[in-house]
Amino acid sequence: MEALPSLSATPVHAGARRAIVGLLLAALPVFLLFLGANSIWDANEAFYVETPRQMLLRGDYVTPVFNDAPRLNKPVLSYWIVAGLYHALGVSVTTERLGIGLGALGILLATFMVGRALRSTTTGLVAALLLATSPRFVMFARRIFIDIYITLFMSIALAGFVLAVRHPEHRRRYLLLMYVAIGLGVLTKGPIAVVIPVVVGALWCWRERRWPDARRWMIGPGLLVMIAIVAPWYALLVNTHGWTPLTSFVIGENLERYTNSMVPGDRPIWYYVQELLADLFLPWAPLLVVPLLTAWRRSGGGETSTHHAIRHLLWLWVVVFVGVFSLSQTKQDLYILPVAPAAAVLIADVLLSTRFTDGHRVLRVIVGLVGALCVICAPLMFWLFGSGYYVLPGIRLASLLLAAGGCGVIVAVLRHRGAAAVFVLAGTFVVFNYLFVVRILPGMERLKPVVPIAQLFAARAGASAQLGSYHLMLPSLVYYAGRPVRILDSEAQAVEFYADARGGWAMMSDTELRELQRVVPGLCVAARRPMFDAKLRDVLDRRPPADVLLVTNRCTPSP
């Protein structure tokens, strides 16, 4: 890998800075617009919409409850955040998504802080721009509450430590920020919020020969801060439910997930490497190859030892995160989302040190290939979603935008105008993200089953009618129906469910209905909606997804 240019040889002129600020300001509003335009995503988001609603209804903020059952497999902070927003703004999907959007903006702020501490304000702005223009990050910021918030708190912890290294005269305040963020992270998702920072910090101290500095890290006071944040809820939980929920969480949600696969299909050990370099935050992720291979090399004159040390810390943050979870048997793509801010800063650092790729041939080729990928994906996207069953509004315009933006990137690269290539790519995805949020996401609603099924149930079923789910559960039904959904795991349970004098209404598949009709007479289909779980093969074959049925033994509409 060719060497990076000298830091002192890479000034950013005023016009480029204005373009960066303008693009970033244009990108930010998308995180807070049209938040209620699409219904809840099953299954993750449903828990963080309904459980806080139950907290308000029950007045119990110690025991999270979902579908009339305690939900103790995650700590409580995410539920508290949404419950607080509900209390202030009212219960709605928009309110819950406002919390996610604000968390995403907090991640961008933390990314800016890390980038500014690494090199300059411009580095922070570029890093935030890279993350803000990633369509996948925008998508995450509209559907995954807990992963956005664990990323937020871990990014703030990283920023606190980086700032303490950069500004030792203010070390205490930044270390306090770090310890508070780690404590909040533990109260959001558990031990991972402290394990990764400890491992990264230890490796960094060993590599940088900074073990003597550890006595200045306020470790004792920091532990007290974290305990003060985490312990009260756990103490109340143990007092209410005993030690079983705590041990089940530590063992089941952490050790068992790490040592046993809990997702269908085995994912290879290199799964997170491909996620990191391709899927994590396209279109910028492929550029991470260069800083990952060059972060430990000296970039030339003009750099300080502090800049080297922070760059090494960010490299360790990315590599340790990916390495730890690569050894996990349960692999979910969102597990490594907290590396995105550090990865964005490393890419921003390389872009600025190479005058936006003009001083680095390999980086320029990668940007050109990203532009070519946009051109290739444009007709493919239109072919998949421009007609037929899976047609989505706005796809034609989105495809034209990708093709035009990709061509602009290629032309700029060929003319050795690296800054123009990067700004065209960023501008393309600023507009793409607005199309995605305003047109494409709302267009998916016709493929989602829960809202119309809940509406039909409310119109036809009586107040005492039972609502169930037979070998199929879409958790958002609990929220939209406004009542518990009985889980039917066996044929015997289903028979008993429909034998109840109150009548029964249950979601199931066609296969389950055919099997059940043999033992339960008088069943009929009240509603039939697509499952919205189409596989890529279904899309390629133009094959509609399987249907979700609402099946009842009350086959005539109620008066």
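As shown above, the structure is provided for reference.
About the criteria used
- Residues numbered from 1 in each chain as written.
- Predicted model: local features only at pLDDT ≥ 70, side-chain atom pairs only at ≥ 80, totals over all residues.
- Heavy atoms only, no water.
- Pairing = 2+ DSSP bridges.
- Helix = DSSP H or I, 4+ residues; strand = E, 2+ residues; numbered from the N terminus.
- Axes fitted to C-alpha atoms, helices over the stretch in contact; angles between N-to-C directions.
- Contact = heavy atoms within 4.5 Å.
- Disulfide = S-S within 2.5 Å.
- Phe/Tyr/Trp six-rings, centres within 6.5 Å; stacked < 30°, edge-to-face > 60°.
- Buried < 20%, exposed > 50% of the residue type's maximum accessible area, 1.4 Å probe, protein only.
- Lys, Arg positive; Asp, Glu negative; His and termini not counted.
- Salt bridge = Lys/Arg side-chain N within 4 Å of Asp/Glu carboxyl O.
- Expected span 1.5 Å × (residues − 1).
- Arc of directions from axis to C-beta.
- Nonpolar A, V, L, I, M, F, W, Y, C, P; charged D, E, K, R; others polar.
- 1 Å grid on protein atoms, 1.4 Å probe; cavity = no way out; pocket = protein on both sides within 12 Å on 5 of 7 lines; lining within 4 Å.
- Points joined across faces, edges and corners; volume = space filled by probe spheres on them.

Details of the sheet that holds strand E6 (residues 524–530)
Okay, step 1: Across the sheet, five strands lie side by side as E4-E3-E5-E7-E6; this open sheet has mixed pairing. Either end of the sheet is taken by a strand with one partner, and the two such strands are strand E4 (486–488) and E6. Sheet twist, expressed as the mean angle between neighbouring strand axes with direction ignored, is 25°.
Okay, step 2: Of the pairings in the sheet, the one linking strand E3 (residues 466–470) to strand E5 (residues 504–508) comprises four bridges and is parallel in character. When the sheet's bridge partners are listed, Gln466 is paired in E5 with Gly504.
Okay, step 3: Lying over the sheet, helix H19 (residues 450–460) contacts E3, E5, E6 and strand E7 (547–552), oriented at roughly 155° with respect to E6.

Remarks on the state of the cysteines
Okay, step 1: Counting across every chain of the model gives one disulfide.
Okay, step 2: Covalent S-S linkage joins Cys524 and Cys555, the inter-sulfur distance amounting to 2.2 Å. The chirality of the disulfide connecting Cys524 with Cys555 is left-handed, given an S-S dihedral of about -120°. Of this pair, Cys524 sits in strand E6 while Cys555 sits in the segment after E7, placing them 31 residues apart in sequence.

Considerations on the packing of aromatic side chains
Okay, step 1: Taken as a whole and assessed by the stated rule, the structure comprises 20 aromatic pairs.
Okay, step 2: Seen in terms of ring centroids, Phe145 and Tyr149 are 4.6 Å apart; in terms of plane orientation they differ by 10°. Their pairing is stacked. Separated by four residues within a single helix, Phe145 and Tyr149 lie in helix H7 (residues 145–166), roughly one turn from each other.
Okay, step 3: The exposure class of Tyr149 is buried, given its relative accessible area of 7%.
Okay, step 4: Look at Tyr389 and Tyr390: their rings are 5.0 Å apart centre to centre, the planes differ by 80°, and that puts the pair in the edge-to-face class.
Okay, step 5: Taking relative accessible area as the criterion, Tyr389 reaches 29% and is therefore assigned partly exposed.

Here we look at the side chain of Glu512
Okay, step 1: Along the chain, Glu512 falls in helix H22 (residues 510–517).
Okay, step 2: Although Glu512 lies buried, it forms no salt bridge, and the closest oppositely charged side chain, Arg518, sits 9.0 Å away as judged by the N-O distance.
Okay, step 3: Residues contacting Glu512, with those up to four places away along its chain left out, are Tyr470 and His471.

Some remarks on helix H17 (residues 395–414)
Okay, step 1: With 20 residues, H17 ought to run about 28 Å at 1.5 Å a step, and its terminal C-alpha atoms sit 28 Å apart, in line with that.
Okay, step 2: Along H17, the positions that sit buried rather than exposed are Ile395, Ala398, Ser399, Leu401, Leu402, Gly405, Gly406, Val409, Ala412 and Val413. Here the buried residues of H17 occupy an arc of 160° about the axis, which is enough to place them on one side. The exposed set on the far side of H17, more than 90 degrees from its buried face, consists of Arg396, Leu397, Leu400, Ala404 and Leu414.
Okay, step 3: His416 lies just past H17 and shows a positive phi near 55°.

Here we look at the packing of helix H4 (residues 93–118) against helix H14 (residues 305–326)
Okay, step 1: As a packed pair, H4 and H14 sit with axes 9 Å apart at the nearest point and diverge in direction by 145°. Contacts between H4 and H14 involve Val114, Ala117 and Leu118 from the former and His307, Ile310, Arg311 and Leu314 from the latter.
Okay, step 2: Here the contact of H4 with H14 is composed, by residue class, of five nonpolar, one polar and one charged.

Observations regarding the environment of Leu516
Okay, step 1: Inspection of the secondary structure assignment puts Leu516 in helix H22.
Okay, step 2: With 22 residues separating them along the chain, Leu516 and Ala494 place their C-alpha atoms 8.0 Å apart.

Overview of the pattern of salt bridges
Okay, step 1: With the rule as written, the count across this model stands at twelve salt bridges.
Okay, step 2: One salt bridge in this structure joins Arg53 and Glu50, with 2.9 Å as the shortest N-O distance. Here Arg53 pairs with Glu50, and both are found in helix H2 (residues 44–58), just three residues apart, close to one helical turn. Like Arg53, the residue Glu50 is buried in the burial classification.
Okay, step 3: Salt-bridge contacts for Glu445 lead to Lys448; the nearest nitrogen and oxygen are separated by 3.3 Å.
Okay, step 4: Put simply, Arg119, Arg311 and Asp349 are held in one network by salt bridges that share partners.

Quick notes on the layout of surface pockets
Okay, step 1: Of the pockets and cavities examined, the second largest pocket occupies roughly 390 Å³.
Okay, step 2: Forming the walls of the second largest pocket are 20 residues, and the residues nearest its centre are Met178, Pro197, Val198, Gly201 and Trp217.
Okay, step 3: Those elements giving two or more residues to the lining of the second largest pocket turn out to be H7, helix H8 (171–189), helix H9 (192–208), helix H10 (219–241) and H14.
Okay, step 4: Looking at the lining of the second largest pocket element by element, the count peaks at six residues for H9.
Okay, step 5: Split into classes, the residues belonging to the lining of the second largest pocket amount to 19 nonpolar, one polar and no charged.

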